[in-house]
Amino acid sequence: MATKAPVTKSHGRSILKIYFLLMTLVGVIGTLVSLGFLLYAAGKKVIITNDEYIVAERYYELDMCTQGVSKPTTANQNYMAFPTDKEIAKCKEDKKVTLIQARNATFKTDMLSGIIWTILFFVLLMTHYPKFMQMNKKD
């Protein structure tokens, strides 16, 4: 009667499996988070209008147009010059243009950052997931 020799398991494969599992999980989670960031930035741009953005986020900059400016003279060191209505209107229009341009620049940098991170995590996922599945099929 022949007896079978005990099977010894090699732990080299299990460490490699754990590596591929972790890299696959990092790829999945990173891709989902970066896609969520992309969707948030795009949704924020589409849903919130420029006027709403200015009022909600940067109204203090428009409010500064109505503030007086300290212009001390030799006769009066505490002299405050207050802008006229025409100067206030021009200042607010210039500020709105600047704020909208700043918002567009921020949107573009957010989208660029999100796209790059999504691509990096997706590449990580696509390079490790097939190898992880291939190793699991062998067992």
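Residues numbered from 1 in each chain as written. Predicted model: local features only at pLDDT ≥ 70, side-chain atom pairs only at ≥ 80, totals over all residues. Heavy atoms only, no water.

J.: I'm lost on the packing of aromatic side chains in this one. Help?
T.: For any two aromatic rings, the description comes down to two numbers: the centre-to-centre distance and the angle of the planes. On inspection of all chains with the given rule, the structure shows two aromatic pairs. Centre to centre, the rings of Tyr-19 and Phe-20 are 5.3 Å apart; their planes meet at 65°, and the pair counts as edge-to-face. By relative accessible area, Tyr-19 is classed as partly exposed at 38%. Over the ring of Phe-107 we find Lys-45; its NZ or CZ atom is 5.6 Å from the centre of that ring. (Phe/Tyr/Trp six-rings, centres within 6.5 Å; stacked < 30°, edge-to-face > 60°. Buried < 20%, exposed > 50% of the residue type's maximum accessible area, 1.4 Å probe, protein only. Lys NZ or Arg CZ within 6 Å of the ring centre and 35° of its normal.)

J.: Can you help me understand the side chain of Glu-61 in this one?
T.: Secondary-structure assignment places Glu-61 in helix α3 (residues 59-63). Residue classification places Glu-61 among the buried residues on the basis of a relative accessible area of 13%. Among the polar contacts made by the side chain of Glu-61, one reaches the side chain of Arg-58 at a distance of 2.8 Å. A polar contact of 3.4 Å, which involves the side chain of Glu-61, links it to the side chain of Tyr-60. Dropping the residues within four chain positions of it, Glu-61 is found in contact with Lys-95 and Leu-99. (Helix = DSSP H or I, 4+ residues; strand = E, 2+ residues; numbered from the N terminus. Polar contact = N/O pair within 3.5 Å; in protein donor to acceptor, adjacent residues only side chain to side chain. Contact = heavy atoms within 4.5 Å.)

J.: Help me understand the state of the cysteines, please; the structure alone is not making it clear to me.
T.: Here is the idea: a disulfide is a covalent bond, and it sits between the sulfur atoms of two cysteines. Enumeration according to the criterion identifies one disulfide in this entry. At a sulfur-sulfur separation of 2.1 Å, the disulfide partner of Cys-65 is Cys-91. Here Cys-65 and Cys-91 share a disulfide; its torsion about the S-S bond, -70°, makes the bridge left-handed. Note that Cys-65 is positioned in the loop between α3 and β1 (69-70) and Cys-91 in helix α4 (residues 85-138), a separation of 26 residues in sequence. Given a relative accessible area of 27%, Cys-91 falls into the partly exposed group. (Disulfide = S-S within 2.5 Å.)

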